[in-house]
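# Inside the fold
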Amino acid sequence: MPVSTRQAVLADLGLIAPLFDGYRCFYGKDTDLATAHAFIAERLMLRESVIFLALDEAGTALGFTQLYPSFSSVSARRIWILNDLFVTSQARGHGVGKALLEAARQYAIQTGAKRLVLSTANDNPAQKLYESQDYVRDTGFLHYELELD
């Protein structure tokens, strides 16, 4: 399956929102296309994230990845948080995730980032994909969360 990737723009909202809705459903949320549309529109309009789309030859959206900017104080450099990666069920196993990870990697290099970071569920089978692309499981730090609502 030939796959191309490109950075998304606001005009791609109709392609991204259903993918983002599918991503949220994968993590147990009810489908809510309006919320997906509004959230992605806001991220793109405010330039708060960078999104890459994977497309087939016909221009059908197969998946996306969304990066959020952050910084390393110790390195005094930018890092990118690879927050979201989603591939449609019919496109899984065809190199779409790998293509999206490569697009993110190239973008991080082009922007002078120190590193890409991601976190995923303990039972997410995509761990094999991440490790095959040289992502290393962090065993040196504990991560904490504080839920605010």
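Anything mentioned here points back to the structure above.
## A word on the packing of aromatic side chains
Centre-to-centre distance and the angle between the planes together describe a pair of aromatic rings. Counted according to the given criterion, the structure contains nine aromatic pairs. Ring centres of Tyr23 and Tyr27 lie 5.3 Å apart, and the angle between their planes is 65°; on these two criteria the pair is classed as edge-to-face. Pairing Tyr23 with Phe64 gives two aromatic rings, centres 6.0 Å apart and planes at 80°, and the pair type is edge-to-face. A residue pair is termed long-range when its members are at least 10 positions apart, and Tyr23 in helix H1 (residues 13-26) and Phe64 in strand S3 (residues 61-72) qualify at 41 residues. The class for Tyr23 is buried, based on a relative accessible area of 12%. The rings of Phe20, Tyr23, Phe26, Tyr27, Phe39 and Phe64 are connected pair by pair, giving a single aromatic cluster.

## Structural notes on the environment of Phe39
Turning to its location among the elements, Phe39 is positioned in helix H2 (residues 33-45). Residue class for Phe39 comes out partly exposed when judged on its relative accessible area of 30%. Separated by 80 residues in the primary sequence, Phe39 and Ser119 have C-alpha atoms spaced 20 Å apart. Look past the residues within four positions of Phe39 in its chain and what remains in contact with it is Phe20, Gln66 and Tyr68.

## Topic: the pairing of S3
Most of S3 sits inside the fold, with nine of its twelve residues counted as buried. As defined by bridge partners, strand S2 (residues 50-55) adjoins S3 across six bridges and the pair is classed as antiparallel. Looking at S3, one finds that Phe52 is bridged to Thr65. Counting the residues that bridge the hairpin from S2 to S3 gives five residues, and of these Gly59 lies at a positive phi of roughly 85°. Between S3 and strand S4 (residues 77-87), which pair antiparallel one after the other, the connecting turn spans four residues, and Ala76 there sits at a positive phi close to 55°.

## Overview of the pairing of S2
Along S2, six of the six residues are buried, which leaves the element largely enclosed by surrounding structure. Neither face of S2 is exposed, since Val50, Phe52 and Ala54 on one face and Ile51, Leu53 and Leu55 on the opposite face are all buried. Bridge count between strand S1 (residues 4-7) and S2: four bridges; the pairing is antiparallel. Paired with Ser4 across the bridge in S2 is Leu55.

## Section: the sheet that holds S3
Spatial strand order, S1-S2-S3-S4-S5: five strands in an open sheet with mixed pairing. On the outer flanks of this sheet lie S1 and strand S5 (115-117), each paired with one strand and no other. Across the sheet, the mean angle separating the axes of adjacent strands is 30° when strand polarity is ignored. Here H2 sits on the sheet in contact with S2 and S3, set at roughly 50° to S3. On the sheet, helix H3 (residues 96-110) packs against S1, S2, S3, S4 and S5 and is oriented at approximately 165° with respect to S4.

## With respect to the side chain of Gln66
Looking at the secondary structure, you find Gln66 in strand S3. Judged by its relative accessible area of 0%, Gln66 is buried. Polar contacts involving the side chain of Gln66 include one to the side chain of Asp84, which spans 2.5 Å. Aside from chain neighbours lying at most four places away, what touches Gln66 is Phe20, Phe39, Ile40, Arg43, Ser49, Val50, Ile51, Ile81, Leu82, Asn83 and Asp84.

Reading the values: the criteria
- Residues numbered from 1 in each chain as written.
- Predicted model: local features only at pLDDT ≥ 70, side-chain atom pairs only at ≥ 80, totals over all residues.
- Heavy atoms only, no water.
- Phe/Tyr/Trp six-rings, centres within 6.5 Å; stacked < 30°, edge-to-face > 60°.
- Helix = DSSP H or I, 4+ residues; strand = E, 2+ residues; numbered from the N terminus.
- Buried < 20%, exposed > 50% of the residue type's maximum accessible area, 1.4 Å probe, protein only.
- Contact = heavy atoms within 4.5 Å.
- Pairing = 2+ DSSP bridges.
- Axes fitted to C-alpha atoms, helices over the stretch in contact; angles between N-to-C directions.
- Polar contact = N/O pair within 3.5 Å; in protein donor to acceptor, adjacent residues only side chain to side chain.

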